[in-house]
Amino acid sequence: MLSPIRFRQALVRPPTPSVVDGLRAIDGPDPDFARFADEHAAYVAVLQAAGLMVEVMAELPDHPDAVFVEDAALCVGSLAVVLRPGAPSRSGEADAIVADLEARFSKVTRVTEGFVDGGDILVTADEVLIGLSARTDRAGAGALMSALASTGLAIRIVETPSDVLHFKTDCAIVDERTIFSTARLAASGCFEGYDVVVCPTGEEAAANLIRVNDVVVMRTGFPATERLLTEAGYDVVTTDADEAARIDGGLSCMSLRCSW
Ligand code: CIR
């Protein structure tokens, strides 16, 4: 069960007190900033323990959702693509990340049409799936396809279930050929040709997990999922993300993992 991609580093952006104003689909309690910061520090430690060099970018207090750095950019090998987040309040995060990427990647390009969030992009061993959602439209997906043309990766545009924020809210790649997915997303047929491990019913909030080199990192508090993955032979590490979840965030969105 090899890792689909070997990551060397991760870029993260710490939360700031403005994170309490983060977007959420359903009105609910604000995250607690101090607890969020602790969770974020623990998340960084998990990435480091998995062998990644973690680089911490500057805080962006004017952008409450900037901790969810995955939505502003995509890294594929030595190429970084600056995306166009679909929520108006998040568009400034793209401008803010350009210099960070230019300092680290040999090629940086930008999506300049439509909208596309990193949370809607699943990179597997040999293709890129772009999920259309309330945040990612066809124009953005098309512009991203053009931006990725030089990678030689196959690219497919697929649908995100309605009422699901991002495509990867509901799925993750766990090894070269295996996707972990909620039943509702798997039912769309978009993972034909892959092995699919279906997320236990009632634990859909655990589906946004990440394979980081030799380990699968998932949220604490989802025992059926943890058991299922462990019994399937994965080395599972859990970490808290309850505060991020209050504003619809999960594990994939808090870092940009790079093989470069
Ligand atoms: C938002 O609604 O944009 C943020 N509050 C959460 C973004 C989570 N990002 C992700 O899953 N890729």
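Data block above holds the structure.
Residues numbered from 1 in each chain as written. Predicted model: local features only at pLDDT ≥ 70, side-chain atom pairs only at ≥ 80, totals over all residues. Heavy atoms only, no water.

Caption draft 1: Fine view of the pattern of salt bridges. With the rule as written, the count across this model stands at 18 salt bridges. Across the pair D100 and R13 runs a salt bridge, and its minimum N-O distance is 3.7 Å. Separated by 87 residues along the polypeptide, D100 in helix α2 (residues 92-102) and R13 in the loop between β1 (9-12) and α1 (33-49) bring together distant segments of the chain. The exposure classification of D100 matches that of R13, with both residues buried. The shortest N-O distance in the salt bridge between D71 and R90 comes to 2.8 Å. (Salt bridge = Lys/Arg side-chain N within 4 Å of Asp/Glu carboxyl O. Helix = DSSP H or I, 4+ residues; strand = E, 2+ residues; numbered from the N terminus. Buried < 20%, exposed > 50% of the residue type's maximum accessible area, 1.4 Å probe, protein only.)

Caption draft 2: Fine view of the sheet that holds strand β7 (residues 127-132). The mixed open sheet is built from three strands, whose spatial order is β6-β7-β8. A single partner strand is all that each edge strand has here, and the edge strands are β6 (121-123) and β8 (154-159). Pairwise comparison of adjacent strand axes, ignoring direction, gives a mean angle of 20° for this sheet. The pairing of β7 with β8 spans six bridges and is parallel. Residue pairing across strands places E127 opposite A154, the latter belonging to β8. (Pairing = 2+ DSSP bridges. Axes fitted to C-alpha atoms, helices over the stretch in contact; angles between N-to-C directions.)

Caption draft 3: Looking closely at the packing of aromatic side chains. Within the structure shown, the criterion is met by two aromatic pairs. Geometrically, the ring pair formed by F36 and F68 is tilted, given 6.3 Å between the ring centres and 50° between the ring planes. Here F36, found in helix α1, pairs with F68, found in the loop between β2 (53-56) and β3 (73-76); they are 32 residues apart in sequence, far enough to count as distant. Like F36, the residue F68 is buried in the burial classification. The side chain of R84 reaches across the aromatic face of F115, ending 5.0 Å from its centre. Sitting over the face of the ring of Y194, R177 holds its NZ or CZ atom 4.5 Å from the ring centroid. (Phe/Tyr/Trp six-rings, centres within 6.5 Å; stacked < 30°, edge-to-face > 60°. Lys NZ or Arg CZ within 6 Å of the ring centre and 35° of its normal.)

Caption draft 4: Region of interest: the sheet that holds strand β5 (residues 107-110). Reading across from one edge, β3-β4-β5 is the order of the three strands in this open sheet, with mixed pairing throughout. Only two strands of the sheet have a single neighbouring strand rather than two, namely β3 and β5. Ignoring strand direction, the axes of neighbouring strands in this sheet form an average angle of 20°. As judged from the four bridges shared by strand β4 (residues 79-82) and β5, these two strands associate in the parallel manner. Counterpart to V82 in the pairing with β5 is R110.

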